[in-house]
Each structure stands twice: as structure tokens, then as C-alpha cells.
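Chain residues, written in single-letter form:
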Amino acid sequence: YRYTERFDGPLLTTLRVSDAEIEEAAAAVPSELQTALQEAKRRIENFHRAQLGEGEYLKEDGVALWRKIVPINRVGLYVPGGTAPLVSTTLMLGIPAQTAGCSEVVLVTPPDEDGEINPAILYAASLCGITEIYKLGGAQAIAALAYGSESIAPVDKIFGPGNQWVTEAKAQVGASVCAIDLPAGPSEVLVVATEKADPAFVASDLLSQAEHGPDSQAMLVVFADRSTGERYADRVVEALRLQLTKLPRADVAAESLSNSKIFIIPTRKGCASLVNAYAPEHLIINLGSEEEDDKLLELVYNAGSVFLGPWSPESSGDYASGTNHTLPTAGWARGYSGLSTDSFIKKITVQRLSEEGLARLAPTLLSLAEAEGLEAHRNAVAIRIEEPS
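It should be emphasised that the depicted structure is a prediction, and the values quoted were computed from it without experimental measurement. (Residues numbered from 1 in each chain as written. Predicted model: local features only at pLDDT ≥ 70, side-chain atom pairs only at ≥ 80, totals over all residues. Heavy atoms only, no water.)

## Here we look at the overall build of the chain
Summing up its helical and strand segments, the chain has 15 helices and 13 strands in all. The principal-axis extent of the C-alpha atoms belonging to the chain is close to 85 × 60 × 35 Å. A burial count over the chain gives 46% of its 389 residues as buried. The long-range share in the chain, meaning contacts at least 24 apart out of those at least 6 apart in sequence, stands at 74%. Accessible surface, the chain: about 19600 Å² in total, of which carbon and sulfur atoms supply 52%. Distance from the positive charge centre (32 side chains) to the negative charge centre (52 side chains) of the chain: 3 Å. (Helix = DSSP H or I, 4+ residues; strand = E, 2+ residues; numbered from the N terminus. Buried < 20%, exposed > 50% of the residue type's maximum accessible area, 1.4 Å probe, protein only. Contact = heavy atoms within 4.5 Å. Areas by Shrake-Rupley, 256 points an atom, 1.4 Å probe, with all protein chains shown as cover. Lys, Arg positive; Asp, Glu negative; His and termini not counted. Charge placed at Lys NZ, Arg CZ, Asp CG, Glu CD.)

Pasting the structure below:
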């Protein structure tokens, strides 16, 4: 309560969002937005349902092996709600949790100065069947989910993006007490374009990330020789200036752009090297043709999510194409995938050996146990096949 008052403004008397508040939220959401959220849910759900798999099964010489797929029992979803309440994130987290079959889903999101939650966030949560919702944000929300509090039971895994404080809190609890999805901090985009790409399109893609916050990054790689690249870069910069004048969050976007860069690289291999070194959260490839886009994509192995061609703005993945927008940032795409249904399940290995199966495997087991000097391991096999330990 103290940190909520300090950082968000309101002095709350309860953290839990009531059923009445959830019901009232639906009435406060315009019908057009309700329709948009329902359509987004349908598309996201279709893609995430397609990710559900069946456990593998293998049997050889009396040794049966398989994996049992089970949902994580209790999961915590963090939805940013500060300067830009991320309604879409509610769907991106809630839908795979629902699809995976998690039995308990708790959502936390910071309140506004009046102690209220954005109605669209509550409506989106209701679409995902989420009823346990708390007015809580920041590092204190992550602590509550991880360790539990008087009013919030701890969860088994925490999901969701956030600012640098939330990301750091997730890193700390993830190293000690609670599983986390991935490092998803301040947003970033890297656009690779040639002079064939409409500079207004490219500028709009850069600004769509820059407006997230002053610590977001929007990077441009121009695939061209120096003179051509410099001329094209100037056209993009001019388009940025023009579009900035029309944005309500122009100050935020401008500060982000001041920390961003333009690179001019004359070779495809060089462009790919920079992409893979940076490992962007969002990668947009707009090289003038599907063939050229695909050639560069073949060389990319570090990226959170990729958008190909002039008609694939990053906004499509952020909202409703169906892919998930919770993605690794700050170079973590080198080793992490974006959020998916898989993130909400566990795969438990199971095995059943017959007496004959163990007998066939025994020489290998005994030899390896002896090589490691683990006599009890050896004995657990030997005692079953009636071989003296």
C-alpha cells in the first residue's frame, strides 16, 4: 500500500478488484473496442491453440519413455498500466494461460491516480476468464507474486513485460524463489530497409516503438552503399520529423530517438551480422521484394519476432495478427524465445522399464556408475538383476 501511494498516487484500502468492478468495466468499454478485443482474442487464441502439442512416446527393448504435458498450476501476469495501459498485453498473457489450462491465473496491474484500473484491461481479462485481479504495479507487484503477502498467494511463475524496475525485480526473484518467463524490459525495434522502402513506412515503424518510453530504442539499418544510404537516411529523418509533430507522445518518442542510431551497411551479410549481434526484440525487414526479405531472413538467428515486407507493421504483432508480443529484449533473444503456450506448461519425463528391459540396459548402467564412482547407483541396478554389489 505504501509503495502504491508513493509511486502511483492513490491510497488504497484494498488491492483486490471486486467482481462488481469487473462487471462495471464491461459497460464502460465502447462497443467498437469490445469488438476489436474479441477479434484480437480470436486470432491470438487460434495461433496459440495450434501450439499445443502431444507428449512424445518411444519404446525400445522393454524401455518405454514419454513426456507428460501439464499446465503450470498458479501463474502471475503483470500488465503495465502506467503512462500507456497495455490492454493488448492482457490478451497476450491471458490467452496462452487459458489455452494451456492453468488452473489459477492472477493478474496485477498498477492503478491510476484515482485508484482505478483501465476498464479495457478488466474487460480483456474477463474475456480470458481471469477474475483474480489486483491493483498493484512496479517492483512491489513482482515481490508480492513471488513471495506472497497477506492478501496475495504466491505464484509458480511470473509473466509479462515492464519497465527497468519490473525487469530487475523479475531477475532477482527469478534467481531465487520463482520462475519467470523471460527478460522483457523496455521495448526495441530494428528496421532493415533499402532505398526501395517507403521512408514514411520506415519512420512509422521506428516511432511505434519510440513512443513506448524514453528508454525504448528504435534502430535503422540501411542496406545500401554509403552515398545512397545517406540520402535515404535523410529522407527517413525528414519523415520522422513530420510524423513526430502529429504524435501526442512526441516528447517521449523524441527522447527515445535521441538514443537511437542509423547504420549504413553495403552487404547483406553485414546487415545480418549487426542484426544477430543486437538480437532485437522486433525485427522489421523491408527490402523491396519478398525474395530479398527472405534472403536476409535466412541469415537471421537472433530476434524475438520478425516482420517481413512493407505491409507488416510491428503494430500487427503487438495487437491482433496472432503472434505474441511478449518478447525478449536487451539482447536476450540470443537465448530466449518469445512467449507462447509452451511457456505456461511443463513437460514431465516418464519411463517404465520391464524386467527384460532393465536386464538389457544393465551392463551400460553398471559401467557408467562404476566410471563415476557412485556405488549406490550401481547397486540400485545390481540388486534388481541379482548381481552381487
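Still more ground to cover, so stick around.
## Here we look at the sheet that holds strand β1 (residues 57-60)
Pairing between sheet strands relies on hydrogen bonds along the backbone, with the strands arranged either parallel or antiparallel. Reading across from one edge, β1-β2-β13 is the order of the 3 strands in this open sheet, with antiparallel pairing throughout. Sheet topology places β1 and β13 (345-353) at the edges, where each strand pairs with a single neighbour. Across this sheet, the average inter-strand angle for adjacent strands is 20°, counted without regard to direction. Of the strand pairs in this sheet, strand β2 (residues 63-71) and β13 are connected by 9 bridges, and their pairing is antiparallel. Counterpart to Lys-68 in the pairing with β13 is Ile-348. (Pairing = 2+ DSSP bridges. Axes fitted to C-alpha atoms, helices over the stretch in contact; angles between N-to-C directions.)

## Re helix α15 (residues 375-382)
Since the α-helix advances by 3.6 residues per turn, residues separated by three or four positions end up pointing in the same direction. All of the buried residues in α15 are Arg-378, Val-381 and Ala-382. Summarising the axial view, the buried residues of α15 lie within an arc of 95°, below the 170-degree limit, and thus occupy one face. Structural note: α15 exposes Ala-376 and His-377 on the side pointing more than 90 degrees away from its buried face. Elements that come into contact with the buried residues of α15 comprise α14 (355-372). (Arc of directions from axis to C-beta.)

## With respect to the sheet that holds strand β4 (residues 104-109)
Read from one edge to the other, the open sheet built from 5 strands follows the order β5-β4-β3-β6-β7, with strand pairing classed as parallel. Both edges of this open sheet fall to β5 (132-135) and β7 (179-180), since each of them pairs with a single strand only. Examined bridge by bridge, strand β3 (residues 74-78) and strand β6 (residues 157-159) share 3 bridges and lie parallel to one another. Along β6, the bridge assignment pairs Gly-76 with Ile-158.

## A word on a negative patch on the surface
Residues Asp-19, Glu-23, Glu-24, Asp-112, Glu-113, Asp-114 and Glu-116 make up a contiguous surface patch of negative charge. Considering the arrangement of structural elements, one finds Glu-24 in helix α2 (residues 19-28). Using a relative accessible area of 54% as the deciding quantity, one classes Glu-24 as exposed. (Patch = residues over 30% accessible without salt bridge, like charges linked within 9 Å, V, L, I, M, F, W, Y side chains within 5 Å. Salt bridge = Lys/Arg side-chain N within 4 Å of Asp/Glu carboxyl O.)

## Considering the nonpolar core
In this structure, Val-75, Leu-77, Leu-91, Ile-130, Ile-133 and Phe-344 are the most contacted members of the largest nonpolar core, which totals 35 residues. Elements with a contribution of two residues or more to this core: α2, α3 (31-49), β3, α4 (87-100), β4 and α5 (119-127). Ignoring any residue separated from it by four or fewer positions in sequence, one finds Phe-344 in contact with Pro-71, Ile-72, Val-75, Leu-77, Leu-93, Pro-96, Ala-97, Ala-100, Cys-102, Phe-159 and Leu-339. (Core = buried A, V, L, I, M, F, W, Y, C linked by side-chain atoms within 4.5 Å.)

## Observations regarding the environment of Pro-85
Positionally, Pro-85 belongs in the loop between β3 and α4. For Pro-85, a relative accessible area of 34% corresponds to the partly exposed category. Sequence separation between Pro-85 and Pro-111 is 26 residues, and the spatial gap between their C-alpha atoms is 9.7 Å. Setting aside residues up to four positions removed in sequence, Pro-85 forms contacts with Pro-80, Asn-118 and Ile-121.

## Concerning the pattern of salt bridges
The full count for this structure, using the stated rule, is 15 salt bridges. Of the charged contacts in the structure, one is a salt bridge between Arg-67 and Glu-56, with a shortest N-O distance of 2.8 Å. One end of the pair, Arg-67, is in strand β2; the other, Glu-56, is in the loop between α3 and β1, with 11 residues separating them in the sequence. With a relative accessible area of 31%, Arg-67 lands in the partly exposed category. Looking at Glu-56, the relative accessible area reads 42%, which means it is partly exposed. A salt bridge links Arg-268 to Glu-292, with the nearest nitrogen and oxygen atoms 3.0 Å apart. With Arg-268 in helix α11 (residues 268-278) and Glu-292 in helix α12 (residues 290-299), this residue pair connects regions lying 24 residues apart in the sequence.

## Some points on the packing of α3 against α5
Contact pair α3 / α5: the axes reach a minimum separation of 11 Å and the direction vectors enclose 40°. In terms of orientation, α3 and α5 fall into the oblique class. Our pair here, α3 against α5, has a crossing hand that is right-handed. Every residue of α5 that contacts α3 at Leu-33, Gln-34, Leu-37, Gln-38 and Lys-41 is listed here: Ala-120, Tyr-123 and Leu-127. Looking at the contact of α3 with α5 residue by residue, the class counts come to 5 nonpolar, 2 polar and 1 charged. (Parallel < 35°, antiparallel > 145°, perpendicular 65-115°, else oblique. Left-handed = near helix turned anticlockwise from the far one by under 90°. Nonpolar A, V, L, I, M, F, W, Y, C, P; charged D, E, K, R; others polar.)

## Description of the packing of aromatic side chains
The final tally for this structure, using the stated rule, is 5 aromatic pairs. Both rings, one in Tyr-3 and one in Phe-7, keep their centres 6.0 Å apart while their planes meet at 15°; by these two values the pair is stacked. Within this pair, Tyr-3 and its partner Phe-7 are both found in helix α1 (residues 2-8), separated by 4 residues, close to a single helical turn. Assessed through its relative accessible area of 52%, Phe-7 is described here as exposed. Ring centres of Phe-159 and Phe-344 lie 3.8 Å apart, and the angle between their planes is 10°; on these two criteria the pair is classed as stacked. Placement of the pair is Phe-159 in strand β6 and Phe-344 in the loop between α13 (314-319) and β13, with a sequence separation of 185 residues. Since its relative accessible area comes to 0%, Phe-344 is described here as buried. It is Arg-2 that lies over the ring of Tyr-3; its NZ or CZ is 5.2 Å from the centre. (Phe/Tyr/Trp six-rings, centres within 6.5 Å; stacked < 30°, edge-to-face > 60°. Lys NZ or Arg CZ within 6 Å of the ring centre and 35° of its normal.)

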